[in-house]
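# A structural walkthrough
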2 protein chains.
Amino acid sequence: MRKIDSVNNQFIKKLAKLQLKKYRDQAKKFLIEGYHMIEEATQSGLLETVLICDEIDVVDGPENIIVTEGVIEKLAQSKTPQKIIGVCRYFPQRLIDGQRFLLLDDIQDPGNLGTLIRSALGFKVDCVIVSPDSVDIYNDKALRATQGAIFKLKVINAELLKTINHLKSIGIRIYSTSPDGGTPLSTLAKEKAYALVLGNESRGVSKRIEESCNRNIYIEINNKLDSLNVAVAGSIIMYYFNS
Amino acid sequence: MRKIDSVNNQFIKKLAKLQLKKYRDQAKKFLIEGYHMIEEATQSGLLETVLICDEIDVVDGPENIIVTEGVIEKLAQSKTPQKIIGVCRYFPQRLIDGQRFLLLDDIQDPGNLGTLIRSALGFKVDCVIVSPDSVDIYNDKALRATQGAIFKLKVINAELLKTINHLKSIGIRIYSTSPDGGTPLSTLAKEKAYALVLGNESRGVSKRIEESCNRNIYIEINNKLDSLNVAVAGSIIMYYFNS
């Protein structure tokens, strides 16, 4: 088994660059951390290389490289990393199909993005479509918040207006979410097929996109509160349609 | 109006220490950032001092001090802070009363804690009881995630077993949450009065506490996913009981 001791090794230096989106996009690869993420990634066919400190952690399939804890610390982005790092290829181009769609319009917080992907898998959404101006789906915090769910449903970067037109053409009803007006969630029919659009944490769903949706949903809350967290609001709606 | 130009001013140095729990607990004070948080804090009666860069931002009630942007940057913990910082007193001792209670057993992520407090206000929970081993309720990330909701409902640090016994004695039904077994959420009666216990992100609700609850709830999810994020799961249940 190959061994790398030095954090200054050229291959390790190259991997460390994958912490930045610019280099990820060039190499079309991203890093994952921890036993659970590696386990979820193994069946995706995208896991190329695994860096471990001990042969006990060998993973079947990808290349395994034994490294020092120093190397793990250099590559990991969490504060107290588990001693395993994976290198994955980007997801291939995939078709937007299925019955249930989550459309994310300029979501900026990686925790929100990852949590929404996790909930989307939980409530049987087929595709999560992420607008180009959203936070990167390969961001380490976003990946961590998915808890590996990102390897088990389609997450696709695409223009939302185009996507909405396509979904309408195949008969999918499109729901936007805004606290101002629209239909209260609890009065809606529970649809098997739907597309749900969630907006930016500060400004919500953008006007042009909201106008192209079929209906606006709001969740009834205490008037002492302005709005729910976007990952919470989206998850409640996905739960509702799935229940 | 008082003015402070230097980050080395003794008063500013003392305030900067409030970034650490140890010093917060000594002074029984905490810092908040940004216009929205200050606005939400003003009606609480806990806001003592406001630090601003421009007289246009003067807040009625607390002492206002004009400071430099350097002082704001020293005290703020967000990357691109708005130019306003507040100093608040700790919440006073408060009674656990009302109809709806959220009990948090060793929640570690400040974002989850803050998001749960925000949702609790949204779904008309009266008290959030936080176990002593949970993340600090005055942590800056937790405060930010509440979006100010923390000033509008009771958030109380207390032992959970004692609290559960007290709540049972006044006739409140206690629900724990665990993905293994129990009653599916969608089959439950929508209770006006309840207490909901949520557990640690990794290990869930601790055994002793789970055993003291009346009933376990689970949210039906896709079997491809192990569990939902705790703030999402808690918010869905609070939504359900309030809908």
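Fair warning: this is a prediction, and the values are worked out from it, not measured in the lab. (Residues numbered from 1 in each chain as written. Chains lettered and ligands numbered in written order. Predicted model: local features only at pLDDT ≥ 70, side-chain atom pairs only at ≥ 80, totals over all residues. Heavy atoms only, no water.)

### Description of the domain arrangement of chain A
As a measure of interface size, the accessible area lost when the parts come together is often cited. All names here are of chain A. By the assigned domains, chain A splits into domain 1 (2–89) and domain 2 (100–242). When each unit is reduced to the centre of its C-alpha atoms, the spacing between domain 1 and domain 2 is 31 Å. Of the residues lining the interface, 14 residues belong to domain 1; the matching set on domain 2 comes to 11 residues. Carbon and sulfur atoms supply 63% of the area that domain 1 and domain 2 bury against each other, a total of about 1,100 Å² over both sides. Looking at the side of domain 1 facing domain 2, the largest losses of area belong to Phe30, Met37 and Glu40, adding up to 44% of the total buried there. Linking domain 1 with domain 2 are 3 salt bridges, by the criterion used here. In this structure, arginine 24 and aspartate 136 form a salt bridge, with 2.7 Å as the shortest nitrogen-oxygen distance. Our count for the domain 1 to domain 2 interface comes out at 3 residue pairs in polar contact (both at pLDDT 80 or more). (Domains from an automatic or database assignment. Contact = heavy atoms within 4.5 Å. Buried area = accessible area lost by both parts, 1.4 Å probe. Salt bridge = Lys/Arg side-chain N within 4 Å of Asp/Glu carboxyl O. Polar contact = N/O pair within 3.5 Å; in protein donor to acceptor, adjacent residues only side chain to side chain.)

### Quick notes on the nonpolar core
Grouped together as the largest cluster of nonpolar side chains are 114 residues, with contacts concentrated most on Ile32(A), Leu102(A), Val128(A), Ile32(B), Leu102(B) and Val128(B). Those residues in contact with Val128(A), other than ones at most four positions away along the chain, are Leu102(A), Leu104(A), Ile117(A), Ala120(A), Leu153(A), Lys154(A), Val155(A) and Ile156(A). (Core = buried A, V, L, I, M, F, W, Y, C linked by side-chain atoms within 4.5 Å. Buried < 20%, exposed > 50% of the residue type's maximum accessible area, 1.4 Å probe, protein only.)

### What to know about the sheet that holds strand E8 (residues 154–157) of chain B
Residue and element names in this part refer to chain B. The parallel open sheet is built from 7 strands, whose spatial order is E8-E7-E6-E11-E9-E12-E10. Single-partner strands in this sheet number two, and they are E8 and strand E10 (183–184). Pairing of E10 with strand E12 (residues 215–218), which is carried by 2 bridges, proceeds in the parallel orientation. Bridging from a neighbouring strand, threonine 183 pairs with isoleucine 217 of E12. Along the sheet face, helix H5 (residues 110–122) touches strand E6 (100–105), strand E7 (127–130), E8 and strand E11 (194–199) and points at about 175 degrees away from the line of E6. Helix-sheet contacts for helix H9 (residues 230–242) involve E6, strand E9 (174–177), E11 and E12, and the interaxial angle to E11 is about 170 degrees. (Pairing = 2+ DSSP bridges. Helix = DSSP H or I, 4+ residues; strand = E, 2+ residues; numbered from the N terminus. Axes fitted to C-alpha atoms, helices over the stretch in contact; angles between N-to-C directions.)

### Observations regarding the layout of surface pockets
Residue and element names in this part refer to chain B. When its volume is computed, the second largest pocket comes out at roughly 410 Å³. Forming the walls of the second largest pocket are 18 residues, and the residues nearest its centre are Tyr90, Phe91, Ile137, Tyr138 and Asn157. Counting residues per element, the ones that place at least two in the lining of the second largest pocket are helix H2 (21–27) and E8. The dominant element in the lining of the second largest pocket, judged by the number of residues it contributes, is E8, at 3 residues. Residue composition of the lining of the second largest pocket, grouped by class: 9 nonpolar, 4 polar and 5 charged. When residues are assigned to domains, the lining of the second largest pocket turns out to be shared by domain 1 (2–89) and domain 2 (100–242), each giving three or more. (1 Å grid on protein atoms, 1.4 Å probe; cavity = no way out; pocket = protein on both sides within 12 Å on 5 of 7 lines; lining within 4 Å. Points joined across faces, edges and corners; volume = space filled by probe spheres on them. Nonpolar A, V, L, I, M, F, W, Y, C, P; charged D, E, K, R; others polar.)

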